[in-house]
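Understanding the architecture of this molecule
Spelled out from the first residue to the last, the chains are:
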Amino acid sequence: MTDARGTWRLLLLSVVFHVLAFRMAFEGLFTNHIVHGMAQHSQARAEAKRAVLFVADGLRADLLFALDSFGNTVPGAPRVVAPHLRSIVENRGAFGVSHTRIPTESRHGHIAIIAGVHEDVSDITKGWGTNPTNFDCVFNQSAATFAFGAPDILSIFSYPGKVDMWSYAENQVDPTKGDARELDQWVLRNLRQLFNNATADPELNSRLRNEHVVFFLHLGGLDTAGHFHRPFSREYMSGIQAVDEIVQQVEELMSAFYRDDDTAYIFTSDHGMSLIGTHGDGHPDNTRTPLIAWGKGIRGPLPDSEPSSHDEYSAAWGLSHILRRDVEQADISVMMSSLLGTNWPVNSVGVLPDVDPTRPGYLQPREGEKTLAEAALVNVQVLLEHYAQKCKHRPINARSDSFDDFYHSAVTTSTELENVLRVGKYFEVRLQAASLIHDILERLRRLQISGRSAITVLAVAGYVGWAAFIAVSLSGARGPMPFPHRVAVLATCGCFWAAYIYQSLPPAYSLYAILPSYFWYSVIANAKPSLSQWYRRGRLLRGALVIVALESMVIGYTYRVIWSIWFVIIGLVWPAVSFPWTLLSAHRRLVFAWVVCCLVSTVFPLLDDHQEESIIAILTGALLIGIAGLGGLNTMRQIGGREWRRIRTVTYWLLFKLALSATLVGLIIRHLETKTHVPSYYRSVGWFSFVSTVVTPLVVPLMLRDPLSRLLTVFLGFAAFFIWLAIRAEGIFYVVYSLTLFLWVEMESALRSFQLQREEVATTNRSHTQAHERLRHSQADNIRIAVFFLFFSQVAFFGAGNAFYLAPVYRLVPVFKYDLMTALLVLKIFAPYMILGTTTSLLNARLGLPPFRVLLAALPMHAVMLLTLFLNITDTGSWHSIGHRLSCFCACSFLPLFSVGACVAGELLMATWGRRS
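As the structure is a prediction and not an experimental result, all values here were calculated from the model.

**Focus: the overall build of the protein**
Counting its regular elements, the protein contains 33 helices and eight strands. Each of the 917 residues in the protein was classed as buried or not, and the buried ones make up 58%. When the accessible area of the protein is evaluated, it comes to approximately 36,700 Å², of which 59% is carbon and sulfur surface.

In structure tokens:
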């Protein structure tokens, strides 16, 4: 048994461990270490004097290419939404699908397109403009780059003296105005102004007319429209039409200014867009982006191949007669470098589509096969330089002779290819280069994951050690470790760390090893009495049942019907098995309400993630919140006196602000739907109502003494999130979830009281206190309660479907502000955990358990779930599968932090009323 100081120590360790474990997973599994010192390589001749790169942010390939792509969602939609780009595909250029990697975010997509680098997954947390690229890219190898677009994108590629930037202000990104096309028109106007300025500025005119010049046009209107209106909306369709017109006008501008045909054009996107207007994971809607290339040095359309290059995905495009040539997103960077004749980005892992001679590529150089063979050889040399530097920085455990032997063999092959190139065997050069590039990329992948075995060992040791450490700490087992055992443990830890140092693993790995070492040192010191208790008391079967329950929750991350099945089990099976008939009869209303709430709760996990905004459902949720608040207030009438007047005043104040919030939300939604201006005072009053409602539960503990009144204020205060940020039924879920948790406390209390009475009757010579103490240590019940708590902590996240809708956030924040919007969405997810934390505090008190006991008992179980999800992470297979597994691990990693934070807040809010039931 832990004292108060020991409890807080465990909670602090829990937060530190889960943060480090989360970081450790990314460090070992998805880190792409950037290396330097590679020699530059380029082709001898440029095919184009300049290149124009269009990136239509958030554009899906299917919605650009398909015929009647908006026919079912937008009345009167044209059959061809982008006629100019389609005419290029059919008559002048090459096209295909550019496949992105996770995370499908703007920063990672642009870096892959422009630098050919797959940046770390974790780098999205480092910011945008505050984290400019530290590696080579097409822009800094150009003679000059002129970039136009969003400030958060352009600031990534900050190369003074090489890149001139024109970006609009952040407050211009306002999707609530109903026309995000203005952002793209801004880009066009500034490009036109640049050419106009050149007529009066000889220096600018000279820079523009140099060779190796790049124009980068970031068109962000589609991404903004997709987030707010979703991709199948009229606004998104209008955005595609605007982009199509801009591409045509840019071509006309370039032709008028340069009066030549030496411009190459590449049109693509950084990521796609899901049905609900989000991106970031590996869903195919997010990873499949369009690629169209035309102009100088690029081939025209080719007849489709045999077997066909098309599949079911592109069947509706009406382009089956034209060859579709897919590429990886990083391949675009080397294609631009090849066209411009500049140095290829040294960090690039892109493969020129024209390397493989058995498949048509995108280029049509003046010297034909010879140039393509030279480009293939350059591709080999760039990747070999990259591989050589990676080998120098690899850990000891990857320093086998096979890596060095392969490098020497590859260098020899590259030299031989140069000789073959000189004799004019271009097909053979390309064929062997394609095979060698495949082998180099595979070796680079193996080098990248060379530390994975060490991370896996640390993860297993950490999660299992953490679970054992918590279990031993809660068991109260204490005892001095014999000196020989202490020496053995310290020697083992020393050897463990020495192995990490010898293998030249990153210093962070030693940091990750500290906590597992501490956990196992403590467990070994106290495990002997704990293990003997397990064997003596026959808990192995009980442990096996818990493991089955935990693994079913892991499956619930993929198949959400599992959560509905859980509600049926705890709603029907648990009372039928655990409650005697006399107890069921005595509390039949309570049991009936519990069963009804659990059965109603089965609906929410089954809701489709792709929900349309419904003002009726939002206001229905607000109405139910109000009814629940009045019902809770009515149950406290018996309190009387000054306390009752305080409770009534606070409750009415919260209900008034929630009613005001619901009214404002309804008005703002109507304005947004009709695309009319939202009065600024709506949002000013809304922010005041929203913030004051949420803050009230944090203040009223100073005024209210009754625990149920405090619970009611927490319920009403955090309900503001489910009015302001709801898309559909989240408010209804919040009411049902809160009521279910409250009834769970009542059910557990009734069962514990019945057991206590039965214990006293069975043992007449035992005092009430002794009987209560015996029940308090009832391991079977406490484990079950911890499993229930863990279940409710998962349901708080999954219960209302997908919570990451951006559209509701615009009710409070009219312009795109990433940090603020993310904070609001995270707080919306956290709101149900506040109810869980306060009801758990009430449950601990009702059952006579120490504070945080239920939470601490659930943490070892959560570690089992995390370990399962960690071992399930992979970097092979489809990006949808990779992204889904990674997303599940990320979500599960944050839930213990939410639970700990909510339980700490719950105990603090409920603490002053004392530890009495």
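Back to the write-up after that little detour.
**Notes on the environment of Pro516**
Summarising the element assignment, Pro516 is placed in helix α18 (residues 507-537). On the basis of relative accessibility, which here comes to 7%, the residue Pro516 falls in the buried class. Each C-alpha atom, one on Pro516 and one on Ala461, is 6.0 Å from the other, the two residues being 55 residues apart in sequence. Each residue touching Pro516, except ones within four places of it in the same chain, is listed here: Leu458, Ala461 and Gly462.

**Here's the deal with the environment of Lys657**
Within the secondary structure, Lys657 sits in helix α24 (residues 641-674). Since its relative accessible area comes to 2%, Lys657 is described here as buried. Considering only alpha carbons, one finds Lys657 and Ser692, 35 residues apart in sequence, at a separation of 8.4 Å. A polar atom in the side chain of Lys657 sits 3.2 Å from the side chain of Thr696.

**Structural notes on empty space enclosed by the protein**
This structure, assessed with the given rule, holds three cavities of 30 Å³ or more. Computed from the structure, the largest cavity encloses a volume of approximately 70 Å³. If you trace the largest cavity, you find it lined by Phe17, Leu20, Ala21, Met24, Leu458, Gly462, Tyr512, Leu515 and Pro516. The biggest single contributor to the lining of the largest cavity is helix α1 (residues 4-29), with four residues.

**So, the sheet that holds strand β4 (residues 163-167)**
Pairing between the strands of a sheet is mediated by backbone hydrogen bonds and can be parallel or antiparallel. Read across the open sheet, the eight strands follow the order β4-β3-β5-β1-β6-β7-β2-β8; overall the sheet is mixed. Whereas interior strands pair on both sides, the edge strands pair on one side only; in this sheet they are β4 and β8 (327-328). Bridge analysis of strand β1 (residues 50-56) against strand β5 (residues 213-219) gives seven bridges, and the strand direction is parallel. If you follow Arg50 over to β5, its bridge partner there is Val213.

**Considerations on unusual backbone geometry**
At the junction of Ile102 and Pro103, the peptide bond is cis and its omega measures out at -5° in the coordinates. The step from Glu306 to Pro307 runs through a cis peptide bond, and the omega angle for that step is 5°. Mapped onto the fold, Pro307 is located in the loop between β7 (288-295) and β8. With phi around 55°, Asp68 is a residue other than glycine that occupies positive phi space. Phi at Phe852 takes a positive value of approximately 70°, unusual for a residue other than glycine. By the secondary structure assignment, Phe852 is in the loop between α31 (818-846) and α32 (853-871).

**A closer look at a positive patch on the surface**
Among the surface-exposed residues, Arg637, Arg642, Arg645, Arg646, Arg648 and Arg705 lie close enough to one another that they form a single positively charged patch. Mapped onto the elements, Arg637 comes out in the loop between α23 (615-634) and α24.

**So, the side chain of Thr693**
Checked against the element boundaries, Thr693 lands in helix α25 (residues 680-699). Judged by relative accessible area, Thr693 falls into the buried class, the value being 0%. Setting aside anything within four residues of it in sequence, one finds Thr693 in contact with Leu654, Lys657, Leu658, Leu716, Gly717 and Ala720.

**Examining helix α20 (residues 561-578)**
Here α20 contains 18 residues, and its C-alpha end-to-end distance of 24 Å stays within 8% of the 26 Å for a straight helix at 1.5 Å per residue. Largest kink in α20: about 30°, centred on Ile569. Listed as buried for α20 are Ile562, Trp563, Ser564, Trp566, Phe567, Ile570, Gly571, Trp574 and Pro575.

**Focus: the pattern of salt bridges**
The final tally for this structure, using the stated rule, is 23 salt bridges. Ionic pairing is found between Asp164 and Arg207, a salt bridge with its closest N-O pair at 2.6 Å. In this pair, Asp164 sits in strand β4 while Arg207 sits in helix α8 (residues 202-208), placing the two residues 43 residues apart along the sequence. For Arg207, a relative accessible area of 23% puts it in the partly exposed group. Where Glu367 meets Lys370, a salt bridge forms, and the shortest distance between an N and an O atom there is 3.9 Å. For Lys370, a relative accessible area of 32% puts it in the partly exposed group. The network of salt bridges with common partners includes Arg45, Glu367 and Lys370.

**Description of the packing of aromatic side chains**
Counting across every chain of the model gives 59 aromatic pairs. The aromatic ring of Tyr313 is capped on one face by Arg288, whose charged end is 3.6 Å from the ring centroid. Lying over the aromatic face of Tyr362, Arg299 brings its terminal NZ or CZ to 5.7 Å of the ring centre.

**Some thoughts on a nonpolar patch on the surface**
Taken together, Ile555, Tyr559, Val561, Ile565, Val568, Ile569, Leu572, Val573, Val577, Leu599 and Leu606 make up a surface patch of nonpolar side chains, about 970 Å² in accessible area. Note on placement: Ile565 falls in helix α20.

**So, the packing of helix α3 (residues 83-91) against helix α10 (residues 234-258)**
Here α3 crosses α10 at 65°, and the two axes come no closer than 7 Å. Across from Pro83, His84, Leu85 and Ile88 in α3, the residues of α10 making contact are Asp244, Val247, Gln248 and Glu251. Of the residues in the contact of α3 with α10, the class split is four nonpolar, two polar and two charged.

**A short note on the pairing of strand β3 (residues 144-149)**
In terms of burial, β3 is largely enclosed, as six of its six residues are buried. Because side chains alternate across β3, one face comprises the buried residues Ala144, Phe146 and Phe148, and the other comprises Thr145, Ala147 and Gly149, equally buried. Strand direction decides the pairing type here: β3 and β5, joined by five bridges, are parallel. Across the sheet, the residue bridging to Thr145 is Val214, located in β5. Across five bridges, β3 lies against β4 in parallel orientation. Across the sheet, Phe148 pairs through a bridge with Trp166, a residue of β4.

**Some remarks on the pairing of β5**
The buried count for β5 comes to seven of seven residues, which makes it a mostly enclosed element. Both faces of β5 are covered, namely the face carrying Val213, Phe215, Leu217 and Leu219 and the face carrying Val214, Phe216 and His218.

**Examining the state of the cysteines**
A complete count under the given rule lists zero disulfides for this structure. Of the cysteine sulfurs around Cys598, a residue in no disulfide, the closest is that of Cys597, at 7.1 Å. Classification of Cys598 as buried rests on a relative accessible area of 0%. With no disulfide partner, Cys892 has as its closest neighbouring cysteine sulfur the one in Cys888, 8.8 Å distant. The exposure class assigned to Cys892 is buried, which follows from its relative accessible area of 0%.

Reading guide: rules and limits
Residues numbered from 1 in each chain as written. Predicted model: local features only at pLDDT ≥ 70, side-chain atom pairs only at ≥ 80, totals over all residues. Heavy atoms only, no water. Helix = DSSP H or I, 4+ residues; strand = E, 2+ residues; numbered from the N terminus. Buried < 20%, exposed > 50% of the residue type's maximum accessible area, 1.4 Å probe, protein only. Areas by Shrake-Rupley, 256 points an atom, 1.4 Å probe, with all protein chains shown as cover. Contact = heavy atoms within 4.5 Å. Polar contact = N/O pair within 3.5 Å; in protein donor to acceptor, adjacent residues only side chain to side chain. 1 Å grid on protein atoms, 1.4 Å probe; cavity = no way out; pocket = protein on both sides within 12 Å on 5 of 7 lines; lining within 4 Å. Points joined across faces, edges and corners; volume = space filled by probe spheres on them. Pairing = 2+ DSSP bridges. Patch = residues over 30% accessible without salt bridge, like charges linked within 9 Å, V, L, I, M, F, W, Y side chains within 5 Å. Salt bridge = Lys/Arg side-chain N within 4 Å of Asp/Glu carboxyl O. Lys, Arg positive; Asp, Glu negative; His and termini not counted. Charge placed at Lys NZ, Arg CZ, Asp CG, Glu CD. Expected span 1.5 Å × (residues − 1). Bend = angle between axes of the 7 residues up to and from the residue. Phe/Tyr/Trp six-rings, centres within 6.5 Å; stacked < 30°, edge-to-face > 60°. Lys NZ or Arg CZ within 6 Å of the ring centre and 35° of its normal. Axes fitted to C-alpha atoms, helices over the stretch in contact; angles between N-to-C directions. Nonpolar A, V, L, I, M, F, W, Y, C, P; charged D, E, K, R; others polar. Disulfide = S-S within 2.5 Å.

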